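# Inside the fold
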Amino acid sequence: MTKKKIAVVTGANRGIGKEIARQLALNNVFVILTARDPVKGQHSVDELKSAGLDVEFQSLDMDSEESMIRLADYVQNQYGRLDILINNAALGGGGDSLRVPMKEFRRTFETNFFGPLRLSQLLVPLLRKSESGRIINISSGMGALNRMGGGDAAYRISKTALNSLTAVMAADLSGTPIKVNTMCPGWVRTDMGGSSAPRSVEKGAETAVWLALEKNIPSGKFFRDKKIIDW
Ligand code: NAP
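Rules used throughout
Residue indices begin from 1 for each chain and proceed along its sequence in written order. Restriction of local features to residues with pLDDT of at least 70 applies here, the model being predicted, together with a cutoff of 80 or more for giving and counting side-chain atom pairs; totals for whole chains, interfaces and linings are based on all residues. Side-chain metrics in this entry use all non-hydrogen atoms of the structure; hydrogen atoms and water are not considered. Classification of ring pairs uses Phe, Tyr and Trp, with its six-membered ring standing for Trp, and accepts pairs whose centres are within 6.5 Å; under 30 degrees between planes counts as stacked, over 60 as edge-to-face, and the remaining range as tilted. Each helix corresponds to a stretch of at least 4 residues labelled H or I by DSSP, and each strand to a stretch of at least 2 residues labelled E; elements are numbered beginning at the N terminus. Only protein chains enter the accessibility calculation, which uses a 1.4 Å probe; a residue is then buried when its area is under 20% of its type maximum, exposed when over 50%, and partly exposed in between. Pairing between two strands is assigned when DSSP locates at least 2 bridges connecting them. Working convention: axes come from line fits to C-alpha atoms, limited for helices to the stretch in contact. Angles between N-to-C directions cover 0 to 180 degrees. Roughly parallel here means an angle under 35 degrees, roughly antiparallel means over 145, roughly perpendicular means 65 to 115, and every remaining angle is called oblique. Handedness of a crossing follows from how the near helix is turned relative to the far one, being left-handed for an anticlockwise turn of less than a right angle and right-handed for a clockwise one. Whether two residues are in contact is decided by their heavy atoms: any pair within 4.5 Å suffices. Following the grouping adopted for this structure description, the nonpolar residues are Ala, Val, Leu, Ile, Met, Phe, Trp, Tyr, Cys and Pro, the charged ones are Asp, Glu, Lys and Arg, and the polar ones are all others, Gly among them. Salt bridges are defined by distance alone: a side-chain nitrogen of Lys or Arg within 4 Å of a carboxyl oxygen of Asp or Glu.

## Comments concerning the packing of aromatic side chains
Within the structure shown, the criterion is met by 8 aromatic pairs. Judged by centre distance (5.5 Å) and plane angle (55°), the ring pair of Phe30 and Tyr79 falls under tilted. Here Tyr79 lies in the loop between helix H3 (65-78) and strand E4 (84-87) and Phe30 lies in strand E2 (residues 29-35), a separation of 49 residues in the sequence. Here Tyr79 falls in the buried class, since its relative accessible area comes to 12%. Geometrically, the ring pair formed by Phe222 and Trp231 is stacked, given 5.6 Å between the ring centres and 20° between the ring planes. For Phe222, a relative accessible area of 0% puts it in the buried group. Among the residues examined, Trp231 registers a relative accessible area of 35% and is labelled partly exposed. Taken together, the aromatic side chains of Phe105, Phe109, Phe113 and Phe114 make up a single cluster linked through ring pairs.

## Brief notes about the sheet that holds strand E6 (residues 179-183)
If you trace the 8 strands from one edge of the open sheet to the other, you get E3-E2-E1-E4-E5-E6-E7-E8, paired in mixed fashion. Looking at which strands have only one partner, the edges of the open sheet turn out to be strand E3 (55-59) and strand E8 (227-228). Looking at chain direction, E6 and strand E7 (residues 222-224) are connected through 2 bridges and run parallel. Residue Thr182 lies in a different strand from E7, and its bridge partner there is Phe222.

## Structural notes on the packing of helix H1 (residues 15-26) against helix H2 (residues 38-50)
It is the contact of H1 with H2, at a shortest axis distance of 11 Å, that shows an interaxial angle of 30°. The pairing of H1 with H2 is recorded here as roughly parallel in orientation. Read as a crossing pair, H1 and H2 show a hand that is right-handed. Of H2, the residues touching H1 (which contributes Lys18, Ala21 and Arg22) are Ser44, Glu47 and Leu48. A per-class count over the contact of H1 with H2 returns 2 nonpolar, 1 polar and 3 charged.

## A short note on the pattern of salt bridges
If charged atoms from side chains of opposite charge come close, those side chains can pair. Enumeration over the complete set of coordinates arrives at 10 salt bridges. Of the charged contacts, one joins Glu66 and Arg70 as a salt bridge, the two residues approaching to 3.4 Å between their closest N and O atoms. Taken together, the residues Glu66 and Arg70, both in helix H3 and 4 residues apart, mark about one turn of the helix. Put simply, Arg81 and Asp83 hold a salt bridge, and the shortest N to O gap is 2.8 Å. When sorted by exposure, Arg81 lands in the same class as Asp83, which is buried.

Here is the structure:
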């Protein structure tokens, strides 16, 4: 049984999720690195372990409630608590709002919104056992209503919904030590962001890790570069 803080990171086999897992582990957090593909997830864990980091792999598909329940049961049985949940996994795209097929809209919402909602519901009982539980939802400036544009409709609207969920869940958990925040990593060089994005994954992950570990932060806010931004 580890005495370290324990984190669950979703979609952590690549991109920003993997880098958040790496930075948390570098900060003495035990990381349960999750991914829907066990081969890719185990590969990332092996890579981080070979760098001396304290991580393990668990399978988690954000489109499957059964998979989320299995993960929550595992964390309960193995560790009996959780300190940090990073809802990172997401699908991009989604096209023009007038043409995007409903199937694609629903699939994007399943992964980007309903997944984080259900996983948070399942893991909050374990976060309540932490002295400083944290939920960090990885969102995007593309979901901010104050600068909404066209295109990528399913993605944008799913992130707006995730932002709203953050504010509501933070209010529902007020009076507990659990803080719920959302953040935009900026435009980052990953499979989703593409190779011409200006930011490194290290920079993209930084604010999420800060929100997970910093003692004095508010709850129910939207951040970029460690500063509150408009919804
Ligand atoms: P990425 O490279 O495309 O990685 C996405 C991750 O999500 C992958 O590990 C993918 O797994 C996983 N995933 C997708 N559907 C899943 C599911 N149903 N269950 C479990 N895992 C699933 O994206 P990224 O750039 O690292 O993005 C990470 C987060 O940052 C996302 O929330 C994204 O919206 C946000 N963000 C990114 C940028 C950017 O410029 N990159 C900008 C703003 C916000 P597979 O490998 O199995 O597909």
